[in-house]
Number of protein chains: 2
Amino acid sequence: MELMRTHIGSALRAARTTQGRTLRDVARQARVSLGYLSEVERGQKEASSELLNSICMALNLNLSSVLVEVATQIKLHETPVLTVVDTNAA
Amino acid sequence: MELMRTHIGSALRAARTTQGRTLRDVARQARVSLGYLSEVERGQKEASSELLNSICMALNLNLSSVLVEVATQIKLHETPVLTVVDTNAA
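In this text the structure is predicted, and so the values were computed from the model without any measurement.

S.K.: Break down the overall build of chain A for me, with residues and values.
M.R.: The secondary structure content of chain A amounts to 5 helices and 0 strands. Taking 90 residues into account, the globule formula puts the C-alpha radius of gyration at 12 Å, and chain A, at 17 Å, lies well above it. Residues classed as buried in chain A amount to 43% of the 90 residues present. Long-range contacts, defined as pairs at least 24 residues apart, comprise 62% of the intrachain contacts of chain A with a sequence gap of at least 6. Counting only carbon and sulfur atoms, one obtains 53% of the accessible surface of chain A, whose full area is about 5,300 Å². A distance of 13 Å separates the average location of the 10 positive side-chain charges in chain A from that of its 9 negative side-chain charges.

S.K.: Tell me about empty space enclosed by the protein, and please be specific about residues and values.
M.R.: Summed over all chains, the structure comprises 1 cavity of 30 Å³ or more. Met4 and Ala47 of chain A together with Met4, Glu46 and Ala47 of chain B are, among the 14 residues lining the largest cavity, the residues nearest its centre. Broken down by secondary-structure element, the contributors of at least two residues to the lining of the largest cavity are helix H1 (4-18) of chain A together with helix H1 (4-18) of chain B. Top contributing element to the lining of the largest cavity by residue count: H1 of chain B, with 4 residues. Taken together, the residues that form the lining of the largest cavity break down as 8 nonpolar, 1 polar and 5 charged.

S.K.: Break down helix H2 (residues 23-30) of chain A for me, with residues and values.
M.R.: All names here are of chain A. Restricting attention to buried positions, one finds in H2 the residues Leu23, Val26, Ala27 and Ala30. On an axial view of H2, the arc spanned by its buried residues comes to 100°, and they lie on one face. Along H2, the residues that are exposed and aim more than 90 degrees away from the buried face are Arg24 and Arg28. Where H2 is buried, its residues touch H1, helix H3 (34-41) and helix H4 (49-58). At the C-terminal side of H2, Arg31 shows a positive phi close to 60°.

S.K.: If you had to explain the layout of surface pockets to someone new, which residues and values would you point to?
M.R.: There is about 370 Å³ of room inside the largest pocket. In terms of lining, the largest pocket is formed by 14 residues, of which the most central are Glu78 of chain A together with Met57, Leu61, Asn62 and Leu63 of chain B. Those elements giving two or more residues to the lining of the largest pocket turn out to be helix H5 (63-77) of chain A together with helix H4 (49-58) of chain B. The element that contributes the greatest number of residues to the lining of the largest pocket is H4 of chain B, accounting for 3 residues. Residue classes in the lining of the largest pocket are distributed as 7 nonpolar, 5 polar and 2 charged. What the second largest pocket holds in volume is close to 300 Å³. Around the second largest pocket, the lining is made up of 13 residues, and of these Met57, Asn62 and Leu63 of chain A together with Met1 and Glu78 of chain B lie nearest the centre. At the level of elements, H4 of chain A together with helix H5 (63-77) of chain B are the ones that each hand at least two residues to the lining of the second largest pocket. When residues of the lining of the second largest pocket are assigned to their parent elements, the largest contribution, 3 residues, is made by H4 of chain A.

S.K.: Before we move on, could you go through the side chain of Asn53 of chain B and cite the residues and values that matter?
M.R.: Among the structural elements, Asn53 of chain B can be located in helix H4. A polar atom in the side chain of Asn53 of chain B sits 2.7 Å from the backbone oxygen of Glu2 of chain A. Once residues within four sequence positions are removed from consideration, Asn53 of chain B is found in contact with Met1, Glu2 and Leu3 of chain A together with Leu63 of chain B.

Cut-offs used in this document
- Residues numbered from 1 in each chain as written.
- Chains lettered and ligands numbered in written order.
- Predicted model: local features only at pLDDT ≥ 70, side-chain atom pairs only at ≥ 80, totals over all residues.
- Heavy atoms only, no water.
- Helix = DSSP H or I, 4+ residues; strand = E, 2+ residues; numbered from the N terminus.
- Rg over C-alpha atoms; globule rule 2.2 N^0.38 Å.
- Buried < 20%, exposed > 50% of the residue type's maximum accessible area, 1.4 Å probe, protein only.
- Contact = heavy atoms within 4.5 Å.
- Areas by Shrake-Rupley, 256 points an atom, 1.4 Å probe, with all protein chains shown as cover.
- Lys, Arg positive; Asp, Glu negative; His and termini not counted.
- Charge placed at Lys NZ, Arg CZ, Asp CG, Glu CD.
- 1 Å grid on protein atoms, 1.4 Å probe; cavity = no way out; pocket = protein on both sides within 12 Å on 5 of 7 lines; lining within 4 Å.
- Points joined across faces, edges and corners; volume = space filled by probe spheres on them.
- Nonpolar A, V, L, I, M, F, W, Y, C, P; charged D, E, K, R; others polar.
- Arc of directions from axis to C-beta.
- Polar contact = N/O pair within 3.5 Å; in protein donor to acceptor, adjacent residues only side chain to side chain.

Structure follows, in structure tokens:
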């Protein structure tokens, strides 16, 4: 079962490393502890909505964009809804 | 500042009421307490990723669809990124 926090963490870590920034730098700017940010990135801790906003701001990301990316990743793992097609229908 | 939990709660409540179901019914099926589900729906509590999955399953929703809806709602409130256009450019 896919966990939202796993994919939020991955998206935040990917953004940070793409920007070539350190945990320490982003944590300082977001005013969260380095350990907290590290745990969020590894999907070990649920980020509160407030601190998620702070981290997104520190990374210059829109939360909506992060959530679209998270939704896309989760969708890849979801069981597709099966539709029954009657091949004998006229 | 828009909080993710506010919009997750609204999306879950909208789905439940559209289905004509009670808090008690959905809470029982998701194996969460009625008080917990009520607080999540009102945006007063962060749902853990595990319990969010349970609630989505009880409502027969894909988590990815919920997150797309949440992202859409949050995007409505985000400050658009402004692009500087040089109108004197050749």
